[in-house]
Amino acid sequence: MTHYVIIGGDAAGMSAAMEIVRHNHEARVTTLEQGTVYSYGQCGLPYVIDGRIEKAERVIARSPETFRDRHGIDARTNHRVESIDYEAKEVHGTHTETNEAFTVRYDKLLIATGAHPLVPSLHNSDLRGIQVFKTIEQTKQLVAAIEEKQHVTVIGGGYIGLEVAEALTLAGKEVRLIQRGDRLAKNFDEAISEAILQKARERGIEVLLNEEVTGFEGEDVVREVTTKNGAYATDYVVLALGVRPATAFAQSPQLHTLGNGAIVTNEQMETTIPDVYAAGDCASHFNRLTGKHDYIPLGTTANKQGRVAGLAMCGEDARFKGIVGTSIFQFFDYAIGGTGLNERALQATNRDYDSITLTANSIAGYYPGGDKVTLTLYYDTFTRHVLGAQIIGGAGVDKRLDVIATALYAQLTVEDLLDLDLSYAPPFNGVWDPVQQMARRLQR
């Protein structure tokens, strides 16, 4: 009987575990999770802050008991893995409640440990009232803390920082957002970053750009955030500075990783060590547009990679076909999405490219209630292949984003977009979708 061991009990790990029990009825599956919660939607946690989601537990998909009782998986909690002996095929760690050491032997191993929030070494960062935001427990901590707080400082202007700042504002808090760089949402083009900045200020968020945080002040509890430019009073601090693959425990000269520690795999999620696989936010993500291994940690990718890993571990011919870099988030009444290569990424290549920007109605212009969407499409000057898109607006952004993401996957040209049979009725679209309106303007 093959013993499959999976380190990590969230998206990638449990997607793999379920594929294994479906395809190998004789399998013995052990999952090791250092926390107490399995299979939850981290992306939904910002919406718990202001009550759009009533409680953090609502984002849990399945409990450990469900995996144990219904599927026969040995789903262990409070098992922190600290090292792997790849020669002996053993996983070593500590039970976080009892402090007892454990060893689990495997025939095939999946590393699906996700990513850790970045926590810089700053002066007085151990003061109470400073936290990161990623897990259910951290969400509960923030919700409880802000009941008696009026002012919250969010450090970091990426996806999580913006979503947390929005949620805190909707919860009635005074919010300051500090960004080290010169613009918010740096993964998007400058026009979209500027629109986000204006929206944040319009909704009462104090945004400080080009501010490098150096530490914190207070007696026991944080009272000020200090930067190279000054000091700012606050009642609470949320660090949202990005994530790093949680792979330090797994490092080995035989294990190929990216510079940030993400584990490199092939199409079947196999690592460079026999019988060891990796998937999710701890692994690299093959980018179909660049032909290189990338790191864009998202729940959708984690689930896909976990599925492929589980099938491949059972001997099935499943392959992860890669990403095109699609992402979307909400910021007040804006939907903001991107896919493929943005201008900064294109400038770093030797590719000749051009772009077109269009603002259009998301539905038929004469039908009431429509929103405007602004799209920028990037394409190869010579081959005319679609290279990427950035979209901002109200309703309808997701639809256009997914059309372009599909076009990128299929390597369509600008002219191919004209022939797509897209849905139309006045409440949903115009007779020429905004994506096709851009293609028409680019006709030779």
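Residues numbered from 1 in each chain as written. Predicted model: local features only at pLDDT ≥ 70, side-chain atom pairs only at ≥ 80, totals over all residues. Heavy atoms only, no water.

Per an unreviewed UniProt entry, the protein chain carries the name FAD-dependent oxidoreductase and comes from Savagea faecisuis.

**Student:** Give me the environment of Gly299: which residues, what numbers.
**Tutor:** Assignment of secondary structure puts Gly299 in helix H7 (residues 299-313). Take Gly299: its relative accessible area is 30%, and that puts it in the partly exposed class. Considered as a pair, Gly299 and Cys43 are 256 residues apart in the sequence and their alpha carbons are 7.6 Å apart. (Helix = DSSP H or I, 4+ residues; strand = E, 2+ residues; numbered from the N terminus. Buried < 20%, exposed > 50% of the residue type's maximum accessible area, 1.4 Å probe, protein only.)

**Student:** Tell me what's going on with the UniProt feature "domain: FAD/NAD(P)-binding" (unreviewed entry) in the protein chain, and back it up with residues and numbers.
**Tutor:** UniProt feature "domain: FAD/NAD(P)-binding" (unreviewed entry): in the numbering of this structure it lies at residues 3-306. Spanning residues 3-306, this segment combines 22% helix with 27% strand, and its end C-alpha atoms are found 17 Å apart. (UniProt positions renumbered as here; feature names shortened; annotations may be inferred.)

**Student:** Now, about the side chain of Asp433: what can you tell me, with residues and values included?
**Tutor:** In this structure, Asp433 sits in the loop between helix H10 (414-418) and helix H11 (434-441). According to the relative accessible area criterion, Asp433 is buried, its value standing at 2%. Engagement of the side chain of Asp433 in a polar contact is seen with the backbone nitrogen of Val435, the distance being 2.8 Å. Sequence-distant contacts of Asp433, defined by excluding residues within four places in its chain, comprise Lys399, Arg400 and Leu422. (Polar contact = N/O pair within 3.5 Å; in protein donor to acceptor, adjacent residues only side chain to side chain. Contact = heavy atoms within 4.5 Å.)

**Student:** Can you explain unusual backbone geometry? Please cite residues and give values.
**Tutor:** In this structure, Asn78 takes a positive phi of about 60° despite not being glycine. Looking at the secondary structure, you find Asn78 in the loop between strand E3 (74-76) and strand E4 (79-85). The class for Asn78 is buried, based on a relative accessible area of 10%.

**Student:** Give a detailed account of the UniProt feature "domain: Pyridine nucleotide-disulphide oxidoreductase dimerisation" (unreviewed entry) in the protein chain, specifying residues and quantitative values.
**Tutor:** Mapped onto the present numbering, the UniProt feature "domain: Pyridine nucleotide-disulphide oxidoreductase dimerisation" (unreviewed entry) falls at residues 329-430. In the segment residues 329-430, helix accounts for 23% and strand for 35%; the C-alpha atoms at its two ends are 24 Å apart.

**Student:** Which residues make up the pattern of salt bridges, and what values do they have?
**Tutor:** Under the defined criterion, the tally for this structure stands at 22 salt bridges. The shortest N-O distance in the salt bridge between Lys89 and Asp275 comes to 2.5 Å. Of this pair, Lys89 sits in the loop between E4 and strand E5 (90-95) while Asp275 sits in the loop between strand E17 (243-245) and strand E18 (276-278), and the two are 186 residues apart along the sequence. Note that Arg400 is salt-bridged to Asp433, the shortest N-O span being 3.0 Å. Of this pair, Arg400 sits in helix H9 (residues 397-409) while Asp433 sits in the loop between H10 and H11; the two residues are 33 residues apart in sequence, bridging distant segments of the chain. Each member of the pair, Arg400 together with Asp433, is buried. Several salt bridges converge on common partners, so that one network encompasses Asp50, Arg52 and Glu166. (Salt bridge = Lys/Arg side-chain N within 4 Å of Asp/Glu carboxyl O.)

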